[in-house]
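Chains, contacts and geometry: an overview
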There are 2 protein chains.
Amino acid sequence: MAGVGGQTQSSSKTGGMSRIQEKNRNLILDAALGEFSKKGFSGATVERIAAEAGMSKSNLLYYFSSKEAIYNATLAHILEVWLAPLKTLDPAGDPARELAGYICQKIEMSANFPEASRLFANEVMQGAPQILPILETDLKRLVQEKCGVIEDWIDAGKLRRVDPLHLIFTIWATTQHYADFSVQIRALTGRDLSDAAFLQQTEEAVTSLILNGVGLAWPPEETEQE
Amino acid sequence: MAGVGGQTQSSSKTGGMSRIQEKNRNLILDAALGEFSKKGFSGATVERIAAEAGMSKSNLLYYFSSKEAIYNATLAHILEVWLAPLKTLDPAGDPARELAGYICQKIEMSANFPEASRLFANEVMQGAPQILPILETDLKRLVQEKCGVIEDWIDAGKLRRVDPLHLIFTIWATTQHYADFSVQIRALTGRDLSDAAFLQQTEEAVTSLILNGVGLAWPPEETEQE
DNA sequence: GAGGGATTTGACCAAATGGTCAAGATACAA
DNA sequence: TTGTATCTTGACCATTTGGTCAAATCCCTC
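Calculation notes
- Residues numbered from 1 in each chain as written.
- Chains lettered and ligands numbered in written order.
- Predicted model: local features only at pLDDT ≥ 70, side-chain atom pairs only at ≥ 80, totals over all residues.
- Heavy atoms only, no water.
- Least-squares fit on C-alpha atoms with pLDDT ≥ 70 in both.
- Contact = heavy atoms within 4.5 Å.
- Helix = DSSP H or I, 4+ residues; strand = E, 2+ residues; numbered from the N terminus.
- Buried < 20%, exposed > 50% of the residue type's maximum accessible area, 1.4 Å probe, protein only.
- Buried area = accessible area lost by both parts, 1.4 Å probe.
- Salt bridge = Lys/Arg side-chain N within 4 Å of Asp/Glu carboxyl O.
- Nonpolar A, V, L, I, M, F, W, Y, C, P; charged D, E, K, R; others polar.
- Phe/Tyr/Trp six-rings, centres within 6.5 Å; stacked < 30°, edge-to-face > 60°.
- Lys NZ or Arg CZ within 6 Å of the ring centre and 35° of its normal.
- Domains from an automatic or database assignment.
- Axes fitted to C-alpha atoms, helices over the stretch in contact; angles between N-to-C directions.
- Parallel < 35°, antiparallel > 145°, perpendicular 65-115°, else oblique.
- Left-handed = near helix turned anticlockwise from the far one by under 90°.
- Expected span 1.5 Å × (residues − 1).
- 1 Å grid on protein atoms, 1.4 Å probe; cavity = no way out; pocket = protein on both sides within 12 Å on 5 of 7 lines; lining within 4 Å.
- Points joined across faces, edges and corners; volume = space filled by probe spheres on them.

A closer look at the relation of the copies chain A and chain B
Least-squares fitting of chain A to chain B yields an RMSD of 0.0 Å, with the transformation described by 0.0 Å of translation along the axis and a rotation of 180°. A rotation of that kind, with that shift, is consistent with a two-fold axis. Identified as the residue of chain A closest to the rotation axis by C-alpha distance is Gly213(A), at 1.8 Å. Most of the interface of chain A is mirrored in chain B, where 100% of its interface residues are also at the interface.

Now the structure itself:
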């Protein structure tokens, strides 16, 4: 119903779990991520997740008490890593490098974990029934903190005056778009982020667009060795 | 299974339909848009759509032969209007005004038809099972044409050299993000595009970020009357 | 206002699916 | 080896849900 951490164990804590238990929980979570991200919560079936995890439906339900429990566990499992990059924005760092680094991290997340991106997108588009409380507390706090950082950079004259919130939204939107809409992108370009050359081209294009958008020189001036 | 135009009638052609027929088809399509955009294809139920449209499930199935037929009709119904703004990009116009106009159109689409945006996003995220052929033909042709326009602007030195494709993706991503992720945005800001002030603020933020990103002055220099 | 096609619906059906349960298989400690 | 807790599964159940059908009912024309 509400709150993502409501299963047996908080998340990937190995303690208090037998070898078999840990192995099977991981198999299930991997399978569930694939299924939920591909079909959404409603479209996913417990049977398919079990098959993908190589066990019977009954056995899966021995580890997770319900479909919703699997879903919540999957969500919790990816949420932390999915929101992590923002935390690395360093107030003391060079704004251009910090923002560029953040953008590239996000694009590489889209390249390496597109299912996580789609799962998250799906959840939010359905009204975030499970993670709304987290968005309203943890994420909100984090975003406000980082908005402060950007604000400080602006006040220090390091970048053009822009609304930090919309800057963050723009970075999220553009970077996640390449994962969530990869089918459309493939239909239009014949490639996606799994193509190394396309990945690099995307990183350059998005980074340069946004950094220039906030008035930062990009690519950085030639500084030889620094 | 494939191709969106496969129902009884091509789309909103009034011809050959009784008054009752037209009224009910519209009721159904409206209800279906709400339901499909909220729950996705799998999560939606024919019964709820019928209820929302004020008729029995049986009667709904008298007008559309299957759930998939309703879905396809809904998709076809919105697709045209959804992709329309891009067509207005005028090669002869001023690049800054043209791009700003396009961006604002898209944001206003997100504000006025968020369900359409979410329906489209859902369809594409599921792998575009119904509209992939359209993306690969009509949309691809349109996008290539407009990329050419932007390319010409670049060659004429009117804007910085950027990859037109990624520029278009960025515009799509940012503008649609405000509709598709409105729950998250509301969780973080307390507002969304249905708030006129927030809408305007968003238009300014996104437009200024992207236009500056491609090296165009924005807002435009004071030209008094032109 | 009668005839006939268009419209509407409740009853019903079959398949899919989440979840239960009791019995069997397995691993492991003593 | 053996007893016990853990693990695994097939059989089964209740509910949901997409779709059918025949019987009304409505609307319009002649």
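A closer look at unusual backbone geometry
All names here are of chain A. With an omega of 0°, the peptide bond between tryptophan 218 and proline 219 qualifies as cis. Note that proline 219 resides in the segment after helix H10 (196-213). Although it is not a glycine, alanine 128 adopts a positive phi angle of roughly 50°. Tracing the chain through its elements places alanine 128 in the loop between helix H6 (114-125) and helix H7 (132-155). Alanine 128 sits in the buried class, given a relative accessible area of 0%.

Digging into the interface of chain A and chain B
Accessible area lost on assembly of the parts is the figure often given for the size of an interface. Counting residues at the interface gives 52 residues for chain A and 52 residues for chain B. Note on chain A versus chain B: buried area summed over both sides is about 4400 Å², and carbon and sulfur give 68% of it. Summed over the three residues of chain A that lose the most area to chain B, namely Met125(A), Leu188(A) and Leu209(A), the buried surface amounts to 18% of that side. At the junction of chain A with chain B, the criterion picks out 0 salt bridges. Elements with a minimum of two residues in the side of chain A that touches chain B: helix H1 (19-43), H6, H7, helix H8 (164-180), helix H9 (182-189) and H10 of chain A. Of the residues belonging to the side of chain A that touches chain B, the class tally is 26 nonpolar, 18 polar and 8 charged.

Remarks on the pattern of salt bridges
Where charged atoms of side chains with opposite charge meet at close range, the side chains can pair. Tallied over the full model, the rule gives 14 salt bridges over all chains. In this structure, Asp138(B) and Arg141(B) form a salt bridge, with 3.1 Å as the shortest nitrogen-oxygen distance. Taken together, the residues span about one helical turn, with Asp138(B) and Arg141(B) both in helix H7 (residues 132-155) at a distance of 3 residues. We note a salt bridge from Arg186(B) to Asp192(B), for which the minimum N-O separation is 2.8 Å. On the basis of relative accessible area, Arg186(B) is assigned to the partly exposed category, the value being 39%. Salt bridges linked by common partners bring Glu151(A), Asp155(A) and Arg161(A) together as one network.

Things to note about the packing of aromatic side chains
Inspection of the entire model under this criterion finds 14 aromatic pairs over all chains. Taking the centre distance of 5.0 Å and the plane angle of 75° together, the rings of Phe36(A) and Tyr71(A) count as edge-to-face. One end of the pair, Phe36(A), is in helix H1; the other, Tyr71(A), is in helix H4 (residues 67-87), with 35 residues separating them in the sequence. Like Phe36(A), the residue Tyr71(A) is buried in the burial classification. Of the aromatic side chains, those joined through ring pairs into one cluster are Phe169(A), Trp172(A), Tyr178(B) and Phe198(B). Over the face of the ring belonging to Phe41(A) we find Lys67(A), whose NZ or CZ atom lies 4.7 Å from the ring centre.

Considerations on the domain arrangement of chain A
Residue and element names in this part refer to chain A. Looking at the assigned domains, one finds that chain A contains domain 1 (19-70) and domain 2 (78-213). One C-alpha centre belongs to domain 1, the other to domain 2; they are set 29 Å apart. With 5 residues of domain 1 in contact, the opposing surface of domain 2 contributes 7 residues. In total, about 480 Å² of surface goes out of reach between domain 1 and domain 2, with carbon and sulfur atoms giving 66% of it. Across the contact surface, domain 1 and domain 2 share 0 salt bridges. Taken together, the residues of the side of domain 1 that touches domain 2 break down into 2 nonpolar, 2 polar and 1 charged.

Focus: the packing of helix H1 (residues 19-43) of chain B against helix H6 (residues 114-125) of chain B
For any two helices packed against each other, one specifies the crossing angle of their axes together with the interaxial distance. Residues and elements named next belong to chain B. Contact pair H1 / H6: the axes reach a minimum separation of 8 Å and the direction vectors enclose 50°. Between H1 and H6, the crossing angle belongs to the class labelled oblique. Crossing of H1 against H6: the hand is left-handed. Contacts between H1 and H6 involve Leu33, Phe36, Ser37 and Gly40 on the former and, on the latter, Glu115, Ala116, Arg118, Leu119 and Asn122. Split into classes, the residues belonging to the contact of H1 with H6 amount to 4 nonpolar, 3 polar and 2 charged.

What to know about helix H5 (residues 95-112) of chain B
All names here are of chain B. For H5, spanning 18 residues, the distance from its first C-alpha to its last is 25 Å, which sits close to the expected 26 Å at 1.5 Å a residue. Burial in H5 covers these residues: Pro95, Ala96, Glu98, Leu99, Ala100, Tyr102, Ile103, Lys106, Ile107, Met109, Ser110 and Ala111. On its buried face, H5 is in contact with helix H4 (67-87), H6, H7, helix H8 (164-180) and helix H10 (196-213).

With respect to the layout of surface pockets
Reported here for the largest pocket is a volume of approximately 650 Å³. In terms of lining, the largest pocket is formed by 30 residues, of which the most central are Ser42(A), Gly43(A), Lys39(B), Ser42(B) and Gly43(B). If you list the elements that add at least two residues to the lining of the largest pocket, you get H1, H4 and H6 of chain A together with H1, H4 and H6 of chain B. Grouping the amino acids of the lining of the largest pocket by side-chain chemistry returns 8 nonpolar, 12 polar and 10 charged.

Focus on the packing of H1(B) against helix H2 (residues 46-53) of chain B
Residues and elements named next belong to chain B. Relative orientation of the contacting elements H1 and H2 amounts to 150°, with a least axis distance of 8 Å. Taken together, the axis directions place H1 and H2 in an arrangement best described as roughly antiparallel. Remark: the crossing between H1 and H2 carries right-handed chirality. Across the interface between the two elements, Leu27, Ile28, Ala31, Ala32, Glu35, Phe36, Lys39 and Gly43 of H1 pack against Arg48, Ile49, Glu52 and Ala53 of H2. A breakdown of the residues in the contact of H1 with H2 according to their chemical character gives 7 nonpolar, 1 polar and 4 charged.

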